[in-house]
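Residue strings, one per chain:
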Amino acid sequence: MPFVSSRHAALPLLSPLSYPSTLPSLFRCFASLLLPPGLIVYLGMMVGAFVWGGLADRIGRRQTLLISLSINSVFAFFSSFVQGYVSFLFCRLASGVG
């Protein structure tokens, strides 16, 4: 990588060809950090669809919708204030179930 030969000699010149190799690796780094919370919500949704679907036949759709919406709202609110990663994942799982 060539360097500027002036008073800013420490700043490397970045060519446009260096960006395509850098951006995908940066995206993979961030995507690997965000993948488990996203997946755990969908896991909760699968469990919730099984539970709430059967319950809706017994107690009615309106009651089931109100209960699941309140569970989703409470745990989505709690997930924004938790301190640990495991408790965050638990809140996201419970939010998905609701």
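Conventions adopted
- Residues numbered from 1 in each chain as written.
- Predicted model: local features only at pLDDT ≥ 70, side-chain atom pairs only at ≥ 80, totals over all residues.
- Heavy atoms only, no water.
- UniProt positions renumbered as here; feature names shortened; annotations may be inferred.
- Helix = DSSP H or I, 4+ residues; strand = E, 2+ residues; numbered from the N terminus.
- Buried < 20%, exposed > 50% of the residue type's maximum accessible area, 1.4 Å probe, protein only.
- Contact = heavy atoms within 4.5 Å.
- Phe/Tyr/Trp six-rings, centres within 6.5 Å; stacked < 30°, edge-to-face > 60°.
- Expected span 1.5 Å × (residues − 1).

- An unreviewed UniProt entry annotates the protein as Major facilitator superfamily (MFS) profile domain-containing protein of Zoarces viviparus.
- Under the Sequence similarities (unreviewed entry) heading, UniProt states for the protein: "Belongs to the major facilitator superfamily."
- According to the UniProt record, the Subcellular location (unreviewed entry) comment for the protein reads "Membrane".

## Brief notes about the overall build of the protein
- Counting its regular elements, the protein contains three helices and zero strands.
- When the helices and strands of the protein are placed in sequence order, the string is α-α-α.
- Burial analysis of the protein (98 residues in total) assigns 16% to the buried set.
- Relative to all contacts within the protein whose residues are 6 or more apart in sequence, the contacts with residues 24 or more apart total 43%.

## Notes on the packing of aromatic side chains
- Inspection of every chain in the model, using the stated rule, returns four aromatic pairs.
- Centroid distance phenylalanine 77 to phenylalanine 78: 6.3 Å. Interplanar angle 50°. Geometry classified as tilted.
- Measuring from ring centre to ring centre gives 5.0 Å for phenylalanine 77 and phenylalanine 81, while their planes differ by 65°; the resulting arrangement is edge-to-face. Each member of the pair, phenylalanine 77 together with phenylalanine 81, is exposed.
- Grouping aromatic residues by their ring pairs yields a cluster made of Phe75, Phe77, Phe78, Phe81 and Phe90.

## Quick word on helix α3 (residues 85-97)
- Taking 1.5 Å per residue, 13 residues should reach 18 Å; α3 reaches 18 Å between its end C-alpha atoms and fits that length.
- Along α3, the residues classified as buried are Leu89, Cys91, Ala94, Ser95 and Gly96.

## Points about the side chain of serine 79
- The residue serine 79 is located in helix α2 (residues 61-79) in this model.
- A residue is classified by how much of its surface remains accessible, and serine 79, at 9% relative accessible area, is buried.
- Ignoring any residue separated from it by four or fewer positions in sequence, one finds serine 79 in contact with Phe88, Cys91 and Arg92.

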